[in-house]
Amino acid sequence: MSTLRKFLTQKTYHRIPLELTKTNHFEIKATLNGIEGNFILDTGASNSCVGFETAAKFNLFTQDSDVKAAGAGATDMFTQLSKKNTIKIGNWSRKQVSLILFDLKHVNTAMIAHDATPVDGIIGADILKRGKAVIDYDRTCVYLK
């Protein structure tokens, strides 16, 4: 019987390792506009996001947005939008990626409180769907096509 890894790599998927944090989140390394950062992989997040404080780090051009963000522990958060970004996760990459910017302090406060490393952002369902993601929870990795 073929393994999931063999099957997906034959279908030209890229295997990307994940790291399970102390908060039981999957963390993933991604390069945004040529700059590497730490992100949480969050299938429940509809959009991929970065914190306001990382806009300069990732060379993001932003515009205000009328949309208010909501997440675990926070609602009605002011947001900005950044379009035409390039993201690379492992050997998988895409151009013309839009990102939501909002205050990630509540997320990073929780991470720090549990002795986990703060993150630059969240990889959400928009990128996972675009990459036809398959998450292998047992082997702690994600496959993107």
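Every chain begins its residue count from 1, and numbering advances along the sequence as written. Confidence filtering applies because this is a predicted model: local features only for residues at pLDDT of at least 70, side-chain atom pairs given and counted only at 80 or more, and all residues used for totals across whole chains, interfaces and linings. Processing note: side-chain calculations cover all non-hydrogen atoms of the structure and skip hydrogens and water entirely.

Asks: I keep staring at the sheet that holds strand β1 (residues 14-17) and nothing clicks. Help me out?
Replies: Backbone hydrogen bonds hold the strands of a sheet together, and the pairing may be parallel or antiparallel. In this scheme, strands are said to pair when DSSP sees at least two bridges between them. Each helix is a run of H or I in the DSSP string that is no shorter than four residues. Each strand is a run of E no shorter than two, and both are numbered from the N terminus. Read from one edge to the other, the open sheet built from three strands follows the order β1-β13-β12, with strand pairing classed as antiparallel. Edge strands, defined here as strands with exactly one partner in the open sheet, are β1 and β12 (134-136). Along the sheet, successive strands turn relative to each other by an average axial angle of 25°, direction set aside. The pairing of β1 with strand β13 (residues 141-144) spans four bridges and is antiparallel. When the bridges of β13 are listed, R15 appears paired with Y143. Axis angles are defined between N-to-C directions and span 0 to 180 degrees, where every axis is a line fitted to C-alpha atoms and, for a helix, only to the segment in contact.

Asks: Got a minute to help me understand the environment of G44 in this structure?
Replies: For G44, the position within the fold is in the loop between β4 (35-41) and β5 (49-51). For the exposure calls, accessible area comes from a 1.4 Å probe over protein chains only, and a residue counts as buried if that area is under 20% of its type's maximum, exposed if over 50%, partly exposed in between. G44 sits in the exposed class, given a relative accessible area of 67%. Once the C-alpha coordinates of G44 and I123 are considered, the two residues, 79 residues apart in sequence, prove to be 9.9 Å apart.

Asks: Explain unusual backbone geometry to me, please; I cannot follow it from the model alone.
Replies: Of all residues except glycine, most have a negative phi; of all peptide bonds, most are trans. Even without being glycine, N24 reaches a positive phi, approximately 70°. Taking relative accessible area as the criterion, N24 reaches 61% and is therefore assigned exposed. Residue D115 is not a glycine yet carries a positive backbone phi of 60°.

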